[in-house]
Amino acid sequence: MSSFNRSVSFKQRAANIGSPRFSRKTWVSRLFRALIAIGSLVSFLLAIGCGYVYVLPNLTHAFHDHDGFGFSNSNGSTDSCDVFDGNWVLDYSYPLYNASECPFVEQGFNCLLNGREDEDYLKWRWKPKNCDIPRVNVQRVLEALRNKRVVFVGDSMSRTQWESLICLLMTGVEDKESVYEVNGNMITKQIRFLGVRFSSFNFTIEFYRSVFLVQHNWAPKNVPKRVRSTLKLDKLDDISKEWIDSDVLIFNSGQWWVPGKLFGTGCYFQVGKSVKLGMSIATAFRIVLQTWASWVDSKINPEKTRVFFRTFEPSHWRNLTLRECNVTKLPLSEAEGKDFSPFSETVFEVVNNMIVPVTVVHITPMSAFRSDAHVGTWSDRPSLSDCSHWCLPGLPDIWNEIVILYLLGNYEAASE
């Protein structure tokens with residue numbers, strides 16, 4: 001019976017298909033279904049669009065944070081930015097620390113202690129054109145460096161930056177006695193290794209003096225008498241093994257690559273067993289950087305160690321031969337050609353061909369304006385004017401702010 005009823009019902013519906021009443025009902029029904037379908041499609045497209053708007057920028061942000069790191073734009077958005085393209089602006093919240101309260105600042109760099117009366121040079125902040133460098137969150141940096149090892153390698157400019165970073169981070173440590181030099185050494189330029197331990201956070205900030213980055217030895221036999229020593233351009237410094245197991249590795253070289261500190265002292269270049277008497281300083285510097293790059297590529301694990309190379313720091317001598325300099329009260333309005341250095345250009349060229357990623361901290365242009373920030377006669381040897389080194393606090397603090405900017409970005413990306 002049920003089968004019969006279903007059959008009759010079907011036949012009745014089939015018989016009514018041609019009637020006007022049935023046609024109107026069918027048209028309304030089909031229209032209703034079509035509207036439902038259109039509504040569903042619109043809802044689906046809206047959902048896809050909202051997902052695109054929400055998800056894609058976040059994915060883009062994530063990739064930028066990992067590869068180039070995110071910077072705080074002036075308008076509050078996040079985008080990549082050339083942090084080295086900018087200008088100096090007054091900021092009365094500076095300096096970042098008091099050198100007289102930091103036992104790791106050499107007396108020769110503490111200009112205020114040595115009698116400098118104006119403090120204008122302390123009040124300048126570097127402002128990139130399209131973004132801002134955020135104020136250093138010292139506690140955040142201390143936690144980021146917990147259980148890690150930061151190593152500076154280079155000349156006295158590197159040591160100044162090393163001192164600056166220690167003093168900056170000490171402002172966030174309650175027990176100042178918990179920060180100490182590991183061998184009890186005083187901070188002097190004669191010592192090849194200095195290491196300061198932040199025991200509460202179990203990390204060290206170390207400095208290795210290696211002004212040329214390669215081995216400097218007495219002259220081999222059977223060379224002209226004017227050759228007293230040689231730089232082995234193809235042999236990295238024999239203390240380089242101490243740099244390998246580090247988490248942050250910051251290099252610099254440049255101030256000693258001048259005729260007076262090389263040929264004037266009887267120091268010439270050597271490759272293998274051959275002394276290169278006619279080799280130019282520029283060529284030798286490039287070979288050294290290639291030796292350094294090969295060492296980094298073969299010895300450094302990029303999964304563990306973040307590598308930086310800081311570019312050349314310009315000096316502001318009026319007459320270097322007579323050691324005359326004129327420390328200005330304000331930064332220069334023009335770079336006067338000091339924003340370019342062939343040493344810095346060589347660094348970029350070599351780094352671009354490396355396997356291990358290296359961040360170039362290109363401080364040459366920004367430092368070119370800071371003729372006001374030099375030690376001048378406010379050192380522990382006031383009879384000698386100094387327009388190469390920098391006062392602390394001062395310009396090296398800004399270099400460290402930029403390094404910290406990269407480091408915090410790296411740790412954030414690694415923890416996500």
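Fair warning: this is a prediction, and the values are worked out from it, not measured in the lab. (Residues numbered from 1 in each chain as written. Predicted model: local features only at pLDDT ≥ 70, side-chain atom pairs only at ≥ 80, totals over all residues. Heavy atoms only, no water.)

Things to note about the layout of surface pockets
- Looking at the largest pocket, its volume works out to about 1200 Å³.
- As for the largest pocket, its lining consists of 40 residues, of which Lys 261, Arg 323, Asp 386, Ser 388 and His 389 are closest to the centre.
- The set of elements that each furnish at least two residues to the lining of the largest pocket consists of α4 (156-170), α6 (342-351) and β19 (386-390).
- For the lining of the largest pocket, the residue count by class is 14 nonpolar, 16 polar and 10 charged. (1 Å grid on protein atoms, 1.4 Å probe; cavity = no way out; pocket = protein on both sides within 12 Å on 5 of 7 lines; lining within 4 Å. Points joined across faces, edges and corners; volume = space filled by probe spheres on them. Helix = DSSP H or I, 4+ residues; strand = E, 2+ residues; numbered from the N terminus. Nonpolar A, V, L, I, M, F, W, Y, C, P; charged D, E, K, R; others polar.)

Details of the pattern of salt bridges
- Inspection of the entire model under this criterion finds 16 salt bridges.
- For Asp 120, the salt bridge identified is with Lys 329, shortest N-O distance 3.8 Å. Of this pair, Asp 120 sits in the loop between β3 (86-90) and β4 (124-128) while Lys 329 sits in the loop between β16 (324-325) and α6, and the two are 209 residues apart along the sequence.
- A salt bridge links Glu 163 to Arg 159, with the nearest nitrogen and oxygen atoms 3.8 Å apart. (Salt bridge = Lys/Arg side-chain N within 4 Å of Asp/Glu carboxyl O.)

A short note on unusual backbone geometry
- Put simply, Tyr 94 and Pro 95 share a cis peptide bond, and its omega is 10°.
- Summarising the element assignment, Pro 95 is placed in the loop between β3 and β4.
- Cis rather than trans, the peptide bond between Leu 392 and Pro 393 has omega equal to -5°.
- Even without a glycine there, the phi angle at Asn 202 is positive, about 55°.
- For Asn 202, the position within the fold is in the loop between β7 (193-198) and β8 (203-209).
- Even without glycine at this site, Leu 213 takes up a positive phi of about 75°.
- Within the secondary structure, Leu 213 sits in the loop between β8 and β9 (214-218).

Quick word on the state of the cysteines
- Under the counting rule described, the total for this entry stands at four disulfides.
- Covalently, Cys 81 is tied to Cys 131 through a disulfide, its sulfur atoms 2.2 Å apart. The chirality of the disulfide connecting Cys 81 with Cys 131 is left-handed, given an S-S dihedral of about -70°. With Cys 81 in the loop between β2 (78-79) and β3 and Cys 131 in the loop between β4 and α3 (138-144), this residue pair connects regions lying 50 residues apart in the sequence.
- Here Cys 81 falls in the buried class, since its relative accessible area comes to 15%.
- Disulfide pairing is shown between Cys 325 and Cys 387; the S-S distance is 2.4 Å. Classification of the bridge connecting Cys 325 and Cys 387 rests on its S-S torsion, roughly 75°, and on that basis the disulfide is right-handed. In this pair, Cys 325 sits in strand β16 while Cys 387 sits in strand β19, placing the two residues 62 residues apart along the sequence. The same class applies to Cys 325 as to Cys 387, namely buried. (Disulfide = S-S within 2.5 Å. Buried < 20%, exposed > 50% of the residue type's maximum accessible area, 1.4 Å probe, protein only.)

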